[in-house]
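So the chains spell out like this:
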Amino acid sequence: MIRRKRKDLGGIPTASMSDVAFLLLVFFLSTTKFDIKKGLGIVLPAVSDGTQKKVKLKEDNLTKIWIDKDGIITLKSGGNEQIIPMSELQKTIHQIVKDNPDMVISLKTDRKSKYQYMVKVLDKLQASGAEKISLSTN
Amino acid sequence: MAIIKKSAKPETSIPTASMSDIAFLLLLFFMVSTVFVREKGIPVRMPKAASIEKIPRNHSATIYVNKNGLISIDDFAVSIPDVKYVMQKKLAEDFNVLTCFRTDKDTSYGIMSDILNQLREAQTLRVYFEAKLQR
């Protein structure tokens, strides 16, 4: 009788499987960077090509905010003009927009002013619920 | 002499069979969520704001502006008059492109205003000013 040789069962060793998995895991853990961007959104007006009619805004529907180069904010609404601190801006604008939902806020910033002042004011404007915001400079 | 028989201690062990399952699960999660940063950009200190919203990542083109007025798009230094052409190209590639500004907080607003005018001419009108959450 011929004795059959016992076949060696072929198998992939799985003992080091978790080692491999953890190695890859650590690699991805250390290289992952959650790059969630957050910011203030605004839609710019298109450049007029001359065909569009210029709409003239009524003086009553326009609030002007002027930021000078030192970050001092001047608010011009209706007839009166006043210097306003950053802390009270949101409350004031909220009241203005509540009284007149058609109000357009024109944010004018000095060219020499810092970008952060403009972002701060824009932040306050958006927080106060103003929807019609225009950006300009001198 | 009576021999006190020691009771056999039950063997304690943590089952390691499912270890690799856990590892692979975590691995898959990180593989799927990983986004390799494509551009290096230039170092900027962003301003802080409170009412910020999430910017959709897949359509955004980032413009870096540092406080010296250096403008960088896709790791190329761009001068102000060229912003228009670069953005027009981006608009041609992706109709829903939106521009995301990573501007240093001490940049003078004049530069930003010039870039915004360029964007208006390029018809890329959706703009986000990136900011950090103010706590």
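Refer to the structure presented above.
Residues numbered from 1 in each chain as written. Chains lettered and ligands numbered in written order. Predicted model: local features only at pLDDT ≥ 70, side-chain atom pairs only at ≥ 80, totals over all residues. Heavy atoms only, no water.

Novice: So what exactly am I meant to see when it comes to the overall build of chain B here?
Specialist: Within chain B, the regular secondary structure consists of three helices and eight strands. Going residue by residue from the N terminus, the α and β elements of chain B occur as α-β-β-β-β-β-α-β-α-β-β. For chain B, whose C-alpha radius of gyration is 27 Å, the value lies well above the compact-globule estimate of 14 Å for 135 residues. Judged by the C-alpha coordinates and their principal axes, chain B covers about 100 × 35 × 25 Å. Taken as a whole, chain B presents about 8800 Å² of accessible surface, with 57% of it coming from carbon and sulfur. (Helix = DSSP H or I, 4+ residues; strand = E, 2+ residues; numbered from the N terminus. Rg over C-alpha atoms; globule rule 2.2 N^0.38 Å. Areas by Shrake-Rupley, 256 points an atom, 1.4 Å probe, with all protein chains shown as cover.)

Novice: What exactly am I supposed to notice about the pattern of salt bridges here?
Specialist: In a structure, side chains of opposite charge can pair up when their charged atoms sit close to one another. Inspection of every chain in the model, using the stated rule, returns seven salt bridges over all chains. Of the charged contacts in the structure, one is a salt bridge between Asp114(B) and Arg111(A), with a shortest N-O distance of 2.8 Å. On the criterion of chain membership, the pair formed by Asp114(B) in helix H3 (residues 109–121) and Arg111(A) in the loop between strand S5 (104–109) and helix H3 (115–127) is interchain, its members lying in two chains. Overall, the relative accessible area of 32% leaves Arg111(A) in the partly exposed class. A salt bridge links Lys90(B) to Asp74(B); the nearest nitrogen and oxygen atoms lie 2.7 Å apart. Pair noted here: Lys90(B) is in helix H2 (residues 80–93) and Asp74(B) is in the loop between strand S4 (71–73) and strand S5 (76–78), with a separation of 16 residues, a long-range link. Several salt bridges share partner residues, and in doing so they unite Lys114(A), Arg45(B) and Asp106(B) into one network. (Salt bridge = Lys/Arg side-chain N within 4 Å of Asp/Glu carboxyl O. Buried < 20%, exposed > 50% of the residue type's maximum accessible area, 1.4 Å probe, protein only.)

Novice: Could you clarify how one ought to interpret H3(A) in this entry?
Specialist: Note on helix geometry: an α-helix contains 3.6 residues per turn, so any two residues three or four positions apart are oriented the same way. All names here are of chain A. End to end, H3 covers 18 Å across 13 residues, agreeing with the expected 18 Å (1.5 Å per residue, within 8%). Burial in H3 covers these residues: Tyr115, Gln116, Met118, Val119, Val121, Leu122, Asp123 and Leu125. At the C-terminal side of H3, Gly129 shows a positive phi close to 95 degrees. (Expected span 1.5 Å × (residues − 1).)

Novice: Can you help me understand the sheet that holds S5(A) in this one?
Specialist: Strand pairing within a sheet occurs via backbone hydrogen bonds; the two strands may be parallel or antiparallel. Pairing is mixed across the open sheet formed by five strands, whose spatial order is S4-S3-S2-S5-S6 (chain A). Two strands close off the open sheet at either side, each with one partner strand: strand S4 (80–84) and strand S6 (133–137) of chain A. Across the sheet, the mean angle from the axis of one strand to that of its neighbour is 20 degrees, orientation sign disregarded. Bridge analysis of S5(A) against S6(A) gives five bridges, and the strand direction is parallel. Each residue of the ladder has a partner; that of Lys108(A), found in S6(A), is Ser136(A). The strands touched by helix H2 (residues 86–99) of chain A are strand S2 (62–67), strand S3 (73–77), S4 and S5 of chain A; relative to S3(A), the strand with the most contacts, the crossing angle is about 15 degrees. Those strands touched by H3(B) are S5 and S6 of chain A, and its axis lies near 115 degrees from that of S6(A). (Pairing = 2+ DSSP bridges. Axes fitted to C-alpha atoms, helices over the stretch in contact; angles between N-to-C directions. Contact = heavy atoms within 4.5 Å.)

Novice: Would you take a moment to explain the interface of chain A and chain B for this structure?
Specialist: Size of an interface: often given as the accessible area lost when the parts come together. Between chain A and chain B, the residue contacts involve 43 residues of the former and 52 residues of the latter. By the criterion of area lost to chain B, the three top residues of chain A are Lys37(A), Leu44(A) and Tyr115(A), representing 20% of everything that side buries. Applying the counting criterion to the chain A and chain B interface returns two salt bridges. There are 18 residue pairs in polar contact (both at pLDDT 80 or more) connecting chain A and chain B. Among the elements of the structure, helix H1 (17–31), strand S1 (38–43), H3 and S6 of chain A are those that each provide at least two residues to the side of chain A that touches chain B. Looking at the side of chain A that touches chain B, its residues break down into 22 nonpolar, eleven polar and ten charged. Pairing analysis gives two bridges linking S1(A) to strand S2 (residues 53–54) of chain B, with the strands arranged antiparallel. If you follow Lys38(A) over to S2(B), its bridge partner there is Lys54(B). (Buried area = accessible area lost by both parts, 1.4 Å probe. Polar contact = N/O pair within 3.5 Å; in protein donor to acceptor, adjacent residues only side chain to side chain. Nonpolar A, V, L, I, M, F, W, Y, C, P; charged D, E, K, R; others polar.)

Novice: Which parts of the structure should I look at to understand a positive patch on the surface?
Specialist: Residues Lys38(A), Lys48(B), Lys54(B), Arg57(B), Lys132(B) and Arg135(B) make up a contiguous surface patch of positive charge. Relative to the helices and strands, Lys38(A) resides in strand S1. (Patch = residues over 30% accessible without salt bridge, like charges linked within 9 Å, V, L, I, M, F, W, Y side chains within 5 Å. Lys, Arg positive; Asp, Glu negative; His and termini not counted. Charge placed at Lys NZ, Arg CZ, Asp CG, Glu CD.)

Novice: Where do I start with unusual backbone geometry in this structure?
Specialist: Among all residues save glycine, negative phi is the norm, and among peptide bonds the norm is trans. Residue and element names in this part refer to chain B. Phi angles above zero are rare outside glycine, and Asp75 is one such case at about 65 degrees. Position of Asp75 relative to the elements: it lies in the loop between S4 and S5. A positive phi is found at Gln123, a non-glycine position, where the angle reads about 65 degrees.

Novice: Just to check I follow, could you spell out the nonpolar core for this structure?
Specialist: For soluble globular proteins, nonpolar side chains are generally found buried alongside one another. Residues Ile65(A), Ile93(A), Ile63(B), Phe101(B), Leu119(B) and Phe129(B) are the most contacted members of the largest nonpolar core, which totals 46 residues. With near-sequence residues (within four places) excluded, Phe101(B) lies in contact with Tyr115(A), Ile63(B), Val65(B), Met112(B), Ile115(B), Leu116(B), Leu119(B), Val127(B), Tyr128(B), Phe129(B) and Glu130(B). (Core = buried A, V, L, I, M, F, W, Y, C linked by side-chain atoms within 4.5 Å.)

Novice: Is there a simple way to explain the packing of aromatic side chains in this structure?
Specialist: Each aromatic ring pair is characterised by the separation of its centres together with the angle its planes make. A complete count under the given rule lists four aromatic pairs over all chains for this structure. Centre to centre, the rings of Phe27(A) and Phe28(A) are 5.1 Å apart; their planes meet at 75 degrees, and the pair counts as edge-to-face. Each member of the aromatic cluster is reached from another via a ring pair, and the members are Tyr115(A), Phe101(B) and Phe129(B). (Phe/Tyr/Trp six-rings, centres within 6.5 Å; stacked < 30°, edge-to-face > 60°.)

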